[in-house]
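Descriptive analysis of the structure
So the chains spell out like this:
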Amino acid sequence: MSVINEEFYNNTDAILSVRENLNLDAEDDDLVVAINKAIFESKSLKEEIDARGKTNKLYWKVGTEADLSRFHAKKSKITSNRIFTDVETAIPILTSEPPEPTILGEIDNETREKLQKGLQMAYEVEYKMQQKLQCLIRHWFLFLMGVLKYRWDKEEGFFTENVLTRKIGFDPRATNLKNCEYIFEELEDTIENIQDKFPKAKEVIKNSFANIQPKNKVKYTEFWGGQGKWVCWKLRNIILEKKKNPNFDYGETAKGNPEDIDYMPSVEGDNLFKNPQFPYLFLNVFSFGDQTGLYDETSLIEECQPLQEGVNQLERQILDLNEGQKRVWVVSGEAMSQIQADKLLNETGDVMVYLDRKAPAGSVSQVQSGKPDASLFNHLTHLLAEIDNTIGIHSTTRGSLPQRAETLGAQKLQMGADYGRLDLIVRNIEQIMEEWYFAYLQMLKVYQIGSVNLSNGEISVEINPAEIPQGIKVMVKKGSTLPIDRPTKMANAIQLAQFDKIDPETLFDEMGYPRPEERAQKLFQWLQMTGKIIPQQLPMGQGQEGEQQKLQQIQRAKDIMEKAKQLPPEEQEEMAGKVGEAVRMIA
């Protein structure tokens, strides 16, 4: 090989993809060509993942990809879909508790507490994120990736939605979002709605779709480029709009001469993000950036597919044998015509050996295969257990009866092992929620005018974007989304209270009672009235004021006692027991 050819080969080999004009400043025609090339570059990987996702969805939905309609009408078509059972058991476990946010950074305790409560209310009440998180995890199981998208709507404000994986495409050479050059999403809407969204392109759209009814739906593309720095919308070869990432405060550049009276100095943007970010959150667990980019290399459903087919085959075989369907007929042509033999097979679904000559043992005979033996059931049990092991869900966790008697301790150990198996997924979910909490605060700083009020029906929190300091981080308490063993939690709280290691308000909270602050206050009033605790003495000069407060407290205690008489006897007894126990612990 010559030096020139070798140099050409090396330079060509070093160029992995050509992305000319894929920037915000490019002319519209050049940008359209660049976007089309980028989408085409992602096409092969996207089609492969979409096909695998379609197969996974079949196994989740019906337990097989086989066409059951092609099975003989008399043969078993049963599918024991353990994949669906385990996946739909894992999802509520993974989302049973709200992810508990913690604010880190230079921030005063009052603001930190307010932001943490506000984020919890945003997740649980305002945006009902539990349902969206369930959908996100289900998409991850099926399509090798789950996708959340956040944006700001002029009417609704902050908005979060699930995006189907097949509608998303991205830089196939990316290994994470930091080195991902672009992400695009396929959108659908009517022509008239698109014209309303992009008024500057209204005339161009009208001329290009003159022969199409305005109510007809069309596809268009939302394209984020420059690692999230800019966005544009494309309909066929029309750039509807292009602009810098709108979810980032760019501040203001200096205007005029510093010596002039109307000079305006530059103002730094008020952001939590260091740089503009893609408005997408990706859930993936088995991705390491080798051949599938940001997609997972495999999925739990794909790993279980051969096992599920083995379960289906054994279930059908056992059922067919139990019903006596596995018979082989040996028929002589002298005893029965070919038409009659075919009719017999269609009625029974059996197997037949048809002989033109006379059969040795008679005109018509039958070979019976017998009943299923224990090895079939043992093999079936083994395959089902392997599916459970792969996904990390066993009978105790599902709530079904185990095949053999187990002690309570053994069942707890099994559930603990399952939760440990799911912990890998939990860690990635927690990371997604950290990013979502952080993005929510960022969007408030960019778009929210004035304070936002969040409430859970009992307490309200008002968040002013100006009070959110830069440089903070949001973390989610590890394992906070997994189910809580409430009996153990309650027993631990009582034990701590017996040793004076927990305050009454926390005790009521751990015991699961509503309004723990109010209950603790009533308890203190009760203890003061009964003389179990002595109110704090007031300084000299405040005797009359202190006496007045004491009288008010006694009157409130009387009111509480009077109201307690109106409660049902069961609630009175329960309240008396709890208060008595708390009195003994504190006294």
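It should be emphasised that the depicted structure is a prediction, and the values quoted were computed from it without experimental measurement.

**Thoughts on the side chain of serine 299**
Locating serine 299 in the fold gives a position in the loop between strand 9 (280–283) and helix 8 (300–322). There is a polar contact of 3.1 Å between the side chain of serine 299 and the backbone nitrogen of glutamate 302. Apart from the residues within four sequence positions on either side, serine 299 is in contact with Asn56, Phe141 and Leu144.

**Thoughts on the pattern of salt bridges**
This model, assessed by the stated rule, comprises 19 salt bridges. Lysine 114 serves as the salt-bridge partner of glutamate 467, at 2.8 Å between the closest nitrogen and oxygen. Taken as a pair, glutamate 467 in the loop between strand 14 (460–463) and strand 15 (473–476) and lysine 114 in helix 4 (residues 109–126) lie far apart in primary sequence, 353 residues in all. A residue is classified by how much of its surface remains accessible, and glutamate 467, at 37% relative accessible area, is partly exposed. Since its relative accessible area comes to 26%, lysine 114 is described here as partly exposed. The closest approach of N and O atoms between lysine 149 and glutamate 222, which form a salt bridge, is 3.0 Å. Of this pair, lysine 149 sits in strand 2 (residues 146–153) while glutamate 222 sits in strand 6 (residues 217–225); the two residues are 73 residues apart in sequence, bridging distant segments of the chain. Under the relative-accessibility criterion, lysine 149 is labelled buried at 5%.

**Things to note about the sheet that holds strand 6**
Sheet architecture is open: five strands sit in the order 4-5-6-7-8, paired in antiparallel fashion. Taken across any chain shown, the strands that pair with only one partner, and hence form the sheet edges, are strand 4 (168–170) and strand 8 (238–244). Ignoring strand direction, the axes of neighbouring strands in this sheet form an average angle of 20°. Direction of pairing for strand 6 relative to strand 7 (residues 230–235): antiparallel, over a ladder of five bridges. Looking at the pairing, threonine 221 lines up with lysine 234 of strand 7.

**Structural notes on the confidence of the model for the chain**
The pLDDT averaged across the chain works out to 81; a share of 75% of its residues lies at or above 70. Considering only residues more than four positions removed or in separate chains, one finds that residues 582–587, a stretch of pLDDT under 50, has 12 contacts.

**Quick notes on the sheet that holds strand 9**
Taken in spatial order, the three strands of this open sheet run 3-2-9, and their pairing is antiparallel. Of all strands in the sheet, those with a lone pairing partner are strand 3 (157–163) and strand 9, marking the two edges. Shown here is a sheet whose adjacent strand axes are inclined to one another by a mean of 20°, direction ignored. Relative to strand 3, strand 2 runs antiparallel, the two being bridged by seven bridges. Residue pairing across strands places leucine 148 opposite asparagine 162, the latter belonging to strand 3.

**Side note on a negative patch on the surface**
The grouping of Asp503, Glu505, Asp509 and Glu517 at the surface amounts to a negative patch. The residue glutamate 517 is located in helix 15 (residues 516–529) in this model.

**Things to note about unusual backbone geometry**
One non-glycine residue, lysine 128, lies in the positive phi region at around 45°. Mapping lysine 128 onto the fold places it in the loop between helix 4 and helix 5 (129–143). Judged by its relative accessible area of 49%, lysine 128 is partly exposed.

**Focus on the packing of aromatic side chains**
Applying the stated criterion across every chain yields a total of 21 aromatic pairs. Pairing tryptophan 140 with phenylalanine 286 gives two aromatic rings, centres 6.0 Å apart and planes at 35°, and the pair type is tilted. One end of the pair, tryptophan 140, is in helix 5; the other, phenylalanine 286, is in the loop between strand 9 and helix 8, with 146 residues separating them in the sequence. Three or more aromatic residues joined by ring pairs make a cluster, and in this case those are Tyr127, Tyr150, Phe158, Trp436, Tyr437 and Tyr440.

**With respect to the nonpolar core**
Ranked by internal contacts, the top residues of the largest apolar core, which has 70 residues, are Phe141, Trp436, Tyr440 and Leu441. The element best represented in this core is helix 12 (residues 408–447), accounting for 14 residues. Among all residues touching tyrosine 440, those that are not within four sequence positions of it are Leu119, Ala122, Tyr127, Phe158, Val452 and Leu454. In terms of nonpolar packing, the next biggest core, distinct from the first, is built from 31 residues, Val147, Phe209, Ile238 and Leu294 among them.

**With respect to the pairing of strand 6**
Every regular strand shows the same layout, with side chains that alternate between the two sheet faces. Burial runs high along strand 6: seven of the nine residues are buried. As consecutive antiparallel partners, strand 6 and strand 7 are separated by four residues, and within that stretch glycine 226 has a phi angle of approximately 60°, a positive value.

**Topic: the environment of aspartate 171**
Tracing the chain through its elements places aspartate 171 in the loop between strand 4 and strand 5 (183–190). Taking relative accessible area as the criterion, aspartate 171 reaches 3% and is therefore assigned buried.

**Let's talk about helix 9 (residues 338–348)**
Where helix 9 is concerned, the buried positions are Ala341, Leu344 and Thr348. Looking straight down helix 9, one finds its buried side chains confined to an arc of 60°; they lie on one side. Within helix 9, the exposed residues directed more than 90 degrees away from the buried face are Ile339, Lys343 and Asn346. In the stretch just after helix 9, glycine 349 is the one whose phi turns positive, near 75°.

**A short note on the environment of isoleucine 463**
Position of isoleucine 463 relative to the elements: it lies in strand 14. The buried category is assigned to isoleucine 463, whose relative accessible area is 1%. Taking the C-alpha atoms as reference points, isoleucine 463 and glycine 450, separated by 13 residues in sequence, lie 8.7 Å from one another. With sequence-adjacent residues up to four places away left out, isoleucine 463 is seen in contact with Leu115, Gly118, Leu444, Ser451, Val452, Leu454 and Ile468.

Criteria and thresholds
Residues numbered from 1 in each chain as written. Predicted model: local features only at pLDDT ≥ 70, side-chain atom pairs only at ≥ 80, totals over all residues. Heavy atoms only, no water. Helix = DSSP H or I, 4+ residues; strand = E, 2+ residues; numbered from the N terminus. Polar contact = N/O pair within 3.5 Å; in protein donor to acceptor, adjacent residues only side chain to side chain. Contact = heavy atoms within 4.5 Å. Salt bridge = Lys/Arg side-chain N within 4 Å of Asp/Glu carboxyl O. Buried < 20%, exposed > 50% of the residue type's maximum accessible area, 1.4 Å probe, protein only. Pairing = 2+ DSSP bridges. Axes fitted to C-alpha atoms, helices over the stretch in contact; angles between N-to-C directions. pLDDT = per-residue confidence, 0-100. Patch = residues over 30% accessible without salt bridge, like charges linked within 9 Å, V, L, I, M, F, W, Y side chains within 5 Å. Areas by Shrake-Rupley, 256 points an atom, 1.4 Å probe, with all protein chains shown as cover. Lys, Arg positive; Asp, Glu negative; His and termini not counted. Charge placed at Lys NZ, Arg CZ, Asp CG, Glu CD. Phe/Tyr/Trp six-rings, centres within 6.5 Å; stacked < 30°, edge-to-face > 60°. Core = buried A, V, L, I, M, F, W, Y, C linked by side-chain atoms within 4.5 Å. Arc of directions from axis to C-beta.

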